[in-house]
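# Structural features, examined
Single-letter residue listing:
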Amino acid sequence: MMLPEAPTAAVDLRHLLEQTGVLQVLDEMDRELVGLRPVKQRIREIAAFLVVDRVRRELGLTSTRPVLHMAFLGNPGTGKTTVALRMATVLHRLGYIRRDHLVVASRDDLVGQYVGHTAPKTKEVLKRAMGGVLFIDEAYSLYRPENERDYGQEAIEILLQVMENERENLVVILAGYKDRMERFFSQNPGLRSRVAHHIEFPDYTLEELVEIGELMLRQLNYVLDDEARRAFHRYVVCRMRLPNFANARSIRNAIDRMRLRQALRLCEQAGPVTAEDLCRITAEDILKSRVFQEWEAQEGLTPRPARRGDAAQTPPEVLS
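Quantities reported herein were computed from a predicted structural model and do not represent experimental measurements. (Residues numbered from 1 in each chain as written. Predicted model: local features only at pLDDT ≥ 70, side-chain atom pairs only at ≥ 80, totals over all residues. Heavy atoms only, no water.)

### Details of the overall build of the chain
Helix and strand counts for the chain come out as 16 helices and seven strands. Counted over contacts in the chain with a minimum sequence separation of 6, partners at least 24 positions apart contribute 74%. With an accessible surface of roughly 17200 Å², the chain has 49% of that area assigned to carbon and sulfur atoms. (Helix = DSSP H or I, 4+ residues; strand = E, 2+ residues; numbered from the N terminus. Contact = heavy atoms within 4.5 Å. Areas by Shrake-Rupley, 256 points an atom, 1.4 Å probe, with all protein chains shown as cover.)

Spelled out as structure tokens, the structure:
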């Protein structure tokens, strides 16, 4: 089969990426987001595909707009919402959405409590997101087949219709745990068929979580001294082994509590404090966390109050 005759114009795709600012977004994502290597690679691939698609349409080689709805699969705190924000910027700069705009929604935003309540709620969220990206977190919670009186199916049917009929005006990203999302798609094949890109978000490694924590602290103008850095490393190891661990979200919560303990320590100590004191997180601010006692209880160790020097004496098996 002969290929259609194409115009002879040549296009510098790399220059187009730079000109639209997409390359800048991708480079910033590489620089500013810790880990997520396979996710960053997929976003680069999607951006490259969309640049090529845009040029092909401009040259008359194709006329069909690609399906852009996506599924972000991964555990809590793995950067799904953050990457969705960057994805919205990429889509906007390449002209696939009108606004660099992301609306984050959950079941509570879409599903009503009584008959006739769900459709207006869902349509209102869709209206706010139109022209941009709608990010639905824990999308599987929309479907509860065990409850015959649940109205989530109505929201799904409206969503399906809009994803098909308004795909030039709206990109939908469905997000949640991988296993639950797979089950959700198997129960709602119409949704699966409308999602073009399934991107898996891996859990962060220990080293990445420590780096994320130190980055968060720097952004808040805090620093860890050497002993505090060892204590923080130990904290992350213990927290990763406890229930309800949520990757970077747990690290952010831990930093908030460190700051609370630091503030209390400074207010209770006698004498003036310096700017350096206000910026420094000490091992004491970390070791007072109940995470250490919970971990010791879980591992069958004898709990004892944390004390200074613990971070330097962390057992090798804890740091492994």
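Having seen it, we continue.
### Considerations on the sheet that holds strand β5 (residues 197-201)
Read across the open sheet, the five strands follow the order β2-β3-β4-β1-β5; overall the sheet is parallel. Where the open sheet ends on each side, the last strands, each with one partner, are β2 (102-105) and β5. With direction set aside, neighbouring strand axes in the sheet form an average angle of 20°. Pairing of strand β1 (residues 70-74) with strand β4 (residues 171-176), which is carried by four bridges, proceeds in the parallel orientation. The partner of M70 across the bridge, within β4, is I173. Of the strands in this sheet, β1, β2, β3 (133-136), β4 and β5 are in contact with helix α4 (residues 80-93), which crosses β1 at around 155°. (Pairing = 2+ DSSP bridges. Axes fitted to C-alpha atoms, helices over the stretch in contact; angles between N-to-C directions.)

### Some words on the layout of surface pockets
The space that makes up the largest pocket amounts to roughly 740 Å³. Residue lining of the largest pocket: 32 residues in total, with G77, G79, T82, A248 and R252 positioned closest to the centre. Only α4, α10 (206-219) and α12 (248-268) provide two or more residues apiece to the lining of the largest pocket. Its residues placed into classes, the lining of the largest pocket shows 15 nonpolar, nine polar and eight charged. For the second largest pocket, the calculated volume is near 250 Å³. (1 Å grid on protein atoms, 1.4 Å probe; cavity = no way out; pocket = protein on both sides within 12 Å on 5 of 7 lines; lining within 4 Å. Points joined across faces, edges and corners; volume = space filled by probe spheres on them. Nonpolar A, V, L, I, M, F, W, Y, C, P; charged D, E, K, R; others polar.)

### Looking at the pairing of β4
Of all six residues in β4, six are buried; the element is thus mostly enclosed. A two-sided burial pattern is seen for β4, the buried positions comprising V171, I173 and A175 on one face and V172, L174 and G176 on the other. Sheet topology places β3 next to β4; four bridges connect them, and they run parallel. When the bridges of β4 are listed, V133 appears paired with V171. (Buried < 20%, exposed > 50% of the residue type's maximum accessible area, 1.4 Å probe, protein only.)

### Comments concerning the packing of helix α1 (residues 13-20) against helix α3 (residues 37-58)
Close contact between α1 and α3 brings their axes to 10 Å; oriented N to C, the two are set at 105°. Looking at the two axes, α1 sits roughly perpendicular to α3. Along the contact surface, α1 presents L13, L16, L17 and T20, while α3 presents V51, V52, R54 and V55. Broken down by class, the residue content of the contact of α1 with α3 amounts to six nonpolar, one polar and one charged. (Parallel < 35°, antiparallel > 145°, perpendicular 65-115°, else oblique.)

### Quick notes on α10
Spanning 14 residues, α10 covers 20 Å between terminal C-alpha atoms, matching the ideal 20 Å at 1.5 Å per step. Within α10, burial applies to L206, L209, V210, I212, G213, E214, M216 and L217. (Expected span 1.5 Å × (residues − 1).)

### A closer look at the nonpolar core
One finds F72, L91, F232 and I286 to be the most contacted residues of the largest nonpolar core, which totals 66 residues. Leave out the neighbours within four places in its chain, and I286 touches L224, A228, A231, F232, Y235, M258, R261, I281 and F292. Within the second largest apolar cluster, 31 residues are counted, among which are A105, L159, M163 and V172. (Core = buried A, V, L, I, M, F, W, Y, C linked by side-chain atoms within 4.5 Å.)

### Regarding the pattern of salt bridges
Throughout the structure, instances matching the rule amount to 18 salt bridges. One salt bridge connects R265 with D285, and the closest N-O pair in it is separated by 2.8 Å. Note that R265 is positioned in helix α12 and D285 in helix α14 (residues 283-287), a separation of 20 residues in sequence. By the burial criterion, R265 is buried, and D285 matches it. Taking the shortest distance from any N to any O, the salt bridge between K288 and E284 comes out at 3.3 Å. Judged by its relative accessible area of 57%, K288 falls in the exposed class. Several salt bridges share partner residues, and in doing so they unite D27, D30 and R44 into one network. (Salt bridge = Lys/Arg side-chain N within 4 Å of Asp/Glu carboxyl O.)

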